[in-house]
Amino acid sequence: SVELFTGTLREVQSSLRNGDSDICFSITGLEPTLEQNTYACQSLWQEDLCLVIRKDHPFVTSGGKDFSMLENELFTLLDEEAAPGYHTLLQVVCSEVGFHILKPPVYYTKYGPMVIQIATGMYASILPSDLSAHLCASFPNVTAIPLKKDCLNYCALWDQDSQNAT
């Protein structure tokens with residue numbers, strides 16, 4: 001039988017660690033996590049990070065080159081429970097392109113509330129490219145600007161010593 005469990009990155013990895021799951025589909029490389037322990041890891045795909053912001057924002061209308069224009073922008077981001085290590089990655093990526101998020105972001109564990117705030121233009125965000133593309137297709141007032149290529153690694157993790165045939 002197959003049961004599907006979904007949860008935050010931390011919950012999914014904890015389920016594998018505790019033996020409640022036989023395989024975990026997860027993002028790796030954000031912090032020391034399961035893949036650096038006794039788990040086998042098979043990379044499935046990599047994804048870019050994008051700035052998602054309304055099309056009429058001055059940063060966008062001025063050509064999208066001066067990232068310092070975003071320092072006082074309001075951001076909504078995934079919280080550490082949803083994606084441990086994500087904030088560290090965002091700090092590195094933002095620093096590489098030339099800005100820092102100065103105002104305290106609004107954090108969420110799930111994407112749903114973030115989507116509404118981004119679509120209404122209340123907040124900007126930094127999201128995986130697939131979700132960014134979906135948002136842009138659903139909300140014509142939103143655009144996605146690539147920030148860093150292939151920085152999220154999605155993989156399957158499992159216990160190498162498991163007796164489960166799967």
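In this numbering scheme, every chain counts its residues from 1 along its sequence in written order. Only residues with pLDDT of 70 or above have their local features reported here, since the model is predicted, and side-chain atom pairs are shown and tallied only from 80 upward, although totals for entire chains, interfaces and linings are computed over all residues. Hydrogens and waters are ignored; side-chain quantities use all the structure's heavy atoms.

Caption draft 1: Geometry of the packing of aromatic side chains. Think of it this way: a Phe, Tyr or Trp ring, Trp meaning its six-membered ring, pairs with another when their centres are within 6.5 Å, and the plane angle makes it stacked under 30 degrees, edge-to-face over 60, tilted otherwise. Taken as a whole and judged by the stated rule, the model has four aromatic pairs. Both rings, one in Phe67 and one in Phe99, keep their centres 6.0 Å apart while their planes meet at 10 degrees; by these two values the pair is stacked. Taken together, the residues Phe67 in the loop between helix H2 (58-61) and strand E3 (76-78) and Phe99 in the loop between helix H3 (86-97) and strand E4 (106-108) connect sequence positions 32 residues apart. Centre to centre, the rings of Phe75 and Phe99 are 6.1 Å apart; their planes meet at 20 degrees, and the pair counts as stacked. With Phe75 in the loop between H2 and E3 and Phe99 in the loop between H3 and E4, the pair connects residues that are 24 residues apart, well separated along the chain. The buried label goes to any residue with under 20% of its type's maximum accessible area, the exposed label to any with over 50%, and the partly exposed label to all in between, with areas taken from a 1.4 Å probe on protein chains only. Residue Phe99 is classed as buried on the basis of its relative accessible area, which comes to 0%. Members of the aromatic cluster, each reached through a chain of ring pairs, are Phe59, Phe67, Phe75 and Phe99. Put simply, DSSP H or I for four residues or longer makes a helix, DSSP E for two residues or longer makes a strand, and each gets a number counted from the N terminus.

Caption draft 2: Representation of the layout of surface pockets within the structure. The calculated volume of the largest pocket comes to roughly 1,100 Å³. Surrounding the largest pocket, 34 residues form its lining, Phe5, Thr6, Gly7, Val12 and Phe25 being those nearest its centre. Here the element with the most residues in the lining of the largest pocket is strand E1 (residues 23-28); it accounts for five residues. Classes in brief: Ala, Val, Leu, Ile, Met, Phe, Trp, Tyr, Cys and Pro nonpolar; Asp, Glu, Lys and Arg charged; the others, Gly included, polar. Among the residues forming the lining of the largest pocket, the class breakdown is 18 nonpolar, 10 polar and six charged. Considering only enclosed or pocket space, the second largest pocket measures out at about 180 Å³ in volume. A cavity here means a set of points on a 1 Å grid, drawn over the protein atoms and nothing else, where a 1.4 Å probe fits but cannot get out; a pocket is an open set with protein on both sides within 12 Å along at least five of seven lines, and a residue lines either one if it has an atom within 4 Å of a point. Around the second largest pocket sit Leu77, His87, Leu90, Gln91, Cys94, Phe99, His100, Ile101, Pro105 and Tyr107, which together line it. Grid points are joined across faces, edges and corners, and a volume is the space filled by probe spheres set on the points.

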